[in-house]
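Structure at a glance
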Amino acid sequence: MVANGSDADAGTLCVAIIGAGPAGYYTAEALTKGDANVRVDIIDRLPTPFGLIRAGVAPDHQSIKNVSRRYTATNDRENVRFVGNLSLGRDITITELKELYDVVVLATGAAKDRPLGINGEDLKGVYGSGAFVGWYNSHPDYTDLKPDLRVASVAVVGNGNVAVDVARILAKTSTEMADTDLADHAAERIHGAPIKDIYILGRRGPLEGAFTPKELGELNRMENCVALVDASQLPDLAIDETLAGTQKKNMASLRAMASNKNTDKPVRLHIKFYLRPTEILGEGSVCGLRLEETRVENGRCVGTKVFETLPAGLVVSCIGYRGNPIEEVPYDEARGIFINTDGRIDDQLYCVGWARRGPTGTIGTNKPDGIGIAAKILEEIKPAGKRGRDGLNRLAEERDLHIVTFADWKKIDAAEVIAATNDAPRAKIVDIDNMVTIAKS
Ligand code: NAP
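Residues numbered from 1 in each chain as written. Predicted model: local features only at pLDDT ≥ 70, side-chain atom pairs only at ≥ 80, totals over all residues. Heavy atoms only, no water.

Turning to the overall build of the chain, a few remarks are in order. Broken down by element type, the chain carries 15 helices and 19 strands. Compactness check: the chain gives a C-alpha radius of gyration of 23 Å against a globular reference of 22 Å for 441 residues, within 12% of the reference. With the C-alpha coordinates of the chain rotated into their principal frame, the extents come out at 70 × 50 × 40 Å. In the chain, once contacts between residues fewer than 6 apart in sequence are set aside, the share between residues at least 24 apart is 74%. A total accessible area of about 19400 Å² is found for the chain, and carbon and sulfur atoms account for 49% of it. Across the chain, 54 positive and 61 negative side-chain charges occur, with their mean positions spaced 3 Å apart. (Helix = DSSP H or I, 4+ residues; strand = E, 2+ residues; numbered from the N terminus. Rg over C-alpha atoms; globule rule 2.2 N^0.38 Å. Contact = heavy atoms within 4.5 Å. Areas by Shrake-Rupley, 256 points an atom, 1.4 Å probe, with all protein chains shown as cover. Lys, Arg positive; Asp, Glu negative; His and termini not counted. Charge placed at Lys NZ, Arg CZ, Asp CG, Glu CD.)

As structure tokens, this is what we get:
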């Protein structure tokens, strides 16, 4: 095995993974698990590792975030290195990375919101979930979002786990959020907001919901907010016996919600089905949504040409994500992923996770994905005496780049933990310059 930081010998496979999220770390883990002589640099544009674990997973789902311990253990291997604060496109190109490394793996996720593609989407008060979740999760890109939450009614579009997350974070009280790492700037706005009605809007029915039972069930256990479902939108009781797994559990939750009363708690969460937005209404700022009633035919959502209006001062669209295209890399516009065959893009370029398959599955889905790509790389690519990390170090020095290492990140981590108040696990730092200053202190 080659020591951390020393010149690679001709027999060392030099790998650059772009993106320090789950897909990147599972790939690094699998690449460095066996006897192969491999050295991995995990490069991220942020000074912080763990991608969606830090900035996507809901702040009140701390137990899910514990998986970062596993990624830390991977990073502690002497042939794995985190290279933070280095941005593909801004600081280095794919061509340069290919010159330095035997293989480059894109684990860049799906960072862009899928657009609804309807009029009014650009009104003030309309956000994609990537931006909105990033804002309450302290992602440096979205600190300045500053959504105006002085509204009575919110529409959350979509029936996936992200819609459930967004509705729950807006509905929970400051007491319920006390042991979370919700961004301070978000807590101030959310917990001071006069929101009374939150609508989760599904374009298909209760059986087609993309949410999972644990997440849906949480909506029925909030302190100040009652989850409401219109019983007439649920299928006949007899169907329950034919259901299994996720659908069965989801149906049980929805039936329980259908027996709640809208006077039970001061805030109401309405879970509504068979409605799709056709226009976002407002002048300058959003004031509501035009919705078309739908029905499901052969699993597909079909419009009925019956319309209604829903008042809303905030709209968060949670309808999935697309990957960011990268110069020189073939990109499938329709699917929002890199064009690849089982993860292979070309002789030296691979992709993994959401960048390969689109935004599906849980954190754990990225593990078999990473294992598969690692096996493919080890089989298909032979070391060609590349300069790898030493070459990258030299390039960073020449360009005066301030790379953040894993040891540097541990300083940022410690500063965040020390700054936490009450039961919060950490107070996240949101400013990149501030992070780099702490890292280099
Ligand atoms: P998702 O699970 O794909 O759900 C997207 C939802 O948006 C679906 O209900 C979809 O409806 C709806 N939709 C799509 N286009 C629409 C349109 N034009 N108008 C109205 N509705 C539209 O996506 P997600 O919620 O963003 O989650 C992404 C992935 O992360 C998922 O795999 C999810 O499970 C995972 N995740 C997991 C957790 C967790 O485990 N706690 C938390 C968050 C996210 P149709 O079904 O009709 O297309």
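A word on unusual backbone geometry. Of note, the phi angle at serine 138 is positive, near 70°, even though the residue is not glycine. With respect to the element layout, serine 138 can be found in the loop between helix H6 (129-136) and strand S7 (153-157). You can call serine 138 buried: its relative accessible area is 4%. In the Ramachandran plot, glutamate 328 falls in the positive-phi region, its phi being about 80° despite a non-glycine side chain. Residue position: glutamate 328 is located in the loop between strand S15 (321-322) and strand S16 (331-332). (Buried < 20%, exposed > 50% of the residue type's maximum accessible area, 1.4 Å probe, protein only.)

The end-to-end C-alpha separation of helix H12 (residues 366-380) is 21 Å, in line with the 21 Å expected for 15 residues at 1.5 Å each. Summarising the contacts, the buried residues of H12 are in contact with strand S1 (13-18), helix H1 (22-31), strand S4 (103-106), strand S19 (349-351) and helix H11 (354-357). (Expected span 1.5 Å × (residues − 1).)

Following both chains from N to C, one finds H1 and helix H4 (residues 68-75) inclined at 45°, their axes separated by 10 Å at the closest point. Between H1 and H4, the interaxial angle falls into the category oblique. For the crossing formed where H1 meets H4, the hand is left-handed. Contacts between H1 and H4 involve Pro22, Tyr25, Tyr26, Ala28 and Glu29 from the first element and Arg70, Tyr71, Thr74 and Asn75 from the second. By residue class, the composition of the contact of H1 with H4 is 5 nonpolar, 2 polar and 2 charged. (Axes fitted to C-alpha atoms, helices over the stretch in contact; angles between N-to-C directions. Parallel < 35°, antiparallel > 145°, perpendicular 65-115°, else oblique. Left-handed = near helix turned anticlockwise from the far one by under 90°. Nonpolar A, V, L, I, M, F, W, Y, C, P; charged D, E, K, R; others polar.)

All right, on to the sheet that holds strand S11 (residues 275-283) then. Here 3 strands make up an open sheet; going across it, the order is S11-S12-S13 and the pairing antiparallel. At either margin of the open sheet sits one strand with a lone partner, and together these are S11 and strand S13 (300-311). For this sheet, the mean inter-axis angle between neighbouring strands, taken without regard to orientation, is 20°. For S11 and strand S12 (residues 285-297), the ladder comprises 8 bridges, and the chain directions are antiparallel. Looking across to S12, one finds that glutamate 283 is bridged to serine 285. (Pairing = 2+ DSSP bridges.)

Further remarks concern the environment of threonine 95. Assignment of secondary structure puts threonine 95 in helix H5 (residues 94-100). Look at threonine 95 and you get partly exposed, because its relative accessible area is 38%. A polar atom in the side chain of threonine 95 sits 2.2 Å from the side chain of glutamate 328. (Polar contact = N/O pair within 3.5 Å; in protein donor to acceptor, adjacent residues only side chain to side chain.)

Moving on to the sheet that holds strand S6 (residues 126-128). With parallel pairing, the 6 strands of this open sheet are ordered in space as S6-S14-S7-S8-S10-S9. Because the sheet does not close on itself, it has two edges, and the strands there are S6 and strand S9 (225-229). Averaged over all pairs of adjacent strands, the angle between their axes in this sheet comes to 20°, without regard to strand direction. Relative to strand S14 (residues 314-317), S7 is paired through 4 bridges, and the arrangement is parallel. Within S14, the position partnered with valine 154 by the bridge is leucine 314. Set on the sheet, H6 makes contact with S6 and S14; between it and S6 the angle comes to about 85°.

Geometric descriptors of this kind do not, in isolation, establish any biological role.
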